[in-house]
Amino acid sequence: MPLHRGILVFCIFTPLMSTADNSILGLKLPTDPRWVDLASVSLEEILTDHAFCEMKAASQGISLISRYPDKAELVAALAPMITEEWGHFRMVLAEMKKRGYSLGWQRKNHYVNLLAENEPKGTGEDKLLHRLMIFAMIEARSCERFRLLSEKLEEESLRKFYHKFMVSEVGHYRMFIDLAELYYPKDKVREVWKIWLGIEEKVLQQLAPTGDRMH
Ligand SMILES: [Fe+2]
Ligand SMILES: [Fe+2]
């Protein structure tokens, strides 16, 4: 099964309790079940963090194009993704406005920072591969969390709201994996993805669940 099919199945169909180690393709740890309860009682906070995650996803996409303008397929794939991520930012902003919330201030994203700390230093030929793996990982975990919100929140309109994000982010996950497989051998991508799955597991273990963060 290709990587992207695996995560798609994991993200959308696999029950939470069986995600721990059922496949090398899936995330190693399910999100702490307390997280969704915490998020549900701090909706304004979680929406603020979500908005900035979308903004960051757009800006990181722009950075990647700036760094690799010679990679035509990457540019072609990322250009519409950036538009989509910015659209997500606007969707969250509109949801906040509807509820009378203000955007608030951006917070440190400890999850992303800890992942980035594990990126090999230097500018070796695998630099892009690790970048793509980090981006794919963030999309995969976001997808898992959006799924939780889309299933567990009480308000139906919010469940539908988050379902849209879940579907979209799994597409981005797939795109990053596809780009990795375009520029690197598939076996290598699989091997490095497994390394990142292990790193992500350790990162998650360092972070207590908190209702004001998406990750
Ligand atoms: Fe997004
Ligand atoms: Fe995304």
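What counts and how
- Residues numbered from 1 in each chain as written.
- Chains lettered and ligands numbered in written order.
- Predicted model: local features only at pLDDT ≥ 70, side-chain atom pairs only at ≥ 80, totals over all residues.
- Axes fitted to C-alpha atoms, helices over the stretch in contact; angles between N-to-C directions.
- Helix = DSSP H or I, 4+ residues; strand = E, 2+ residues; numbered from the N terminus.
- Parallel < 35°, antiparallel > 145°, perpendicular 65-115°, else oblique.
- Left-handed = near helix turned anticlockwise from the far one by under 90°.
- Nonpolar A, V, L, I, M, F, W, Y, C, P; charged D, E, K, R; others polar.
- Expected span 1.5 Å × (residues − 1).
- Buried ≥ 20, exposed ≤ 12 C-beta atoms within 10 Å, placed from the backbone.
- Contact = placed C-beta atoms within 7 Å.
- pLDDT = per-residue confidence, 0-100.

Peer 1: Any chance you could explain the packing of helix α6 (residues 127-152) against helix α7 (residues 156-183) here in plain terms?
Peer 2: A packed helix pair is summarised by two numbers, namely the angle formed by the two axes and the spacing between the axes. For the pair α6 and α7, the least separation of the axes is 8 Å and the interaxial angle reads 160°. In terms of orientation, α6 and α7 fall into the roughly antiparallel class. Taken as a pair, α6 and α7 cross one another with a handedness that is left-handed. Here the residues of the contact of α6 with α7 sort into 20 nonpolar, 4 polar and 4 charged.

Peer 1: I would appreciate a short explanation of helix α4 (residues 72-98) in the present structure.
Peer 2: At 3.6 residues per turn, the α-helix brings residues three or four places apart onto the same side. Along its 27 residues, α4 runs 40 Å from first to last C-alpha, staying within 8% of the 39 Å computed at 1.5 Å per residue. Within α4, the full set of buried residues consists of L74, L78, M81, E85, H88, F89 and V92. Packed against the buried residues of α4 are α3 (43-67) and α7. Just downstream of α4, G100 is the residue with a positive phi angle, here 75°.

Peer 1: Help me understand the packing of α3 against α4, please; the structure alone is not making it clear to me.
Peer 2: Interaxial distance between α3 and α4 falls to 8 Å at its minimum, and their mutual angle equals 160°. As the angle between them shows, α3 and α4 are arranged roughly antiparallel. The handedness of the crossing between α3 and α4 is left-handed. Tallied by class, the residues present in the contact of α3 with α4 amount to 18 nonpolar, 3 polar and 3 charged.

Peer 1: Please explain the environment of L149 as it appears in this structure.
Peer 2: Mapping L149 onto the fold places it in helix α6. Each C-alpha atom of the pair L149 and W35 lies 9.7 Å from the other, and the pair is 114 residues apart in sequence. Ignoring anything within four residues of it in the chain, the contact list for L149 reads V36, A39 and Y162.

Peer 1: Honestly, the confidence of the model for the protein in this entry has me stumped. Any pointers?
Peer 2: Caution is warranted with low-pLDDT regions, since their predicted coordinates should not be read in detail. For the protein, per-residue confidence averages 88 on the pLDDT scale, and 88% of positions sit at 70 or higher. When pLDDT is averaged over each helix and strand of the protein, the minimum, 50, is found for helix α1 (residues 3-13) and the maximum, 98, for α4.

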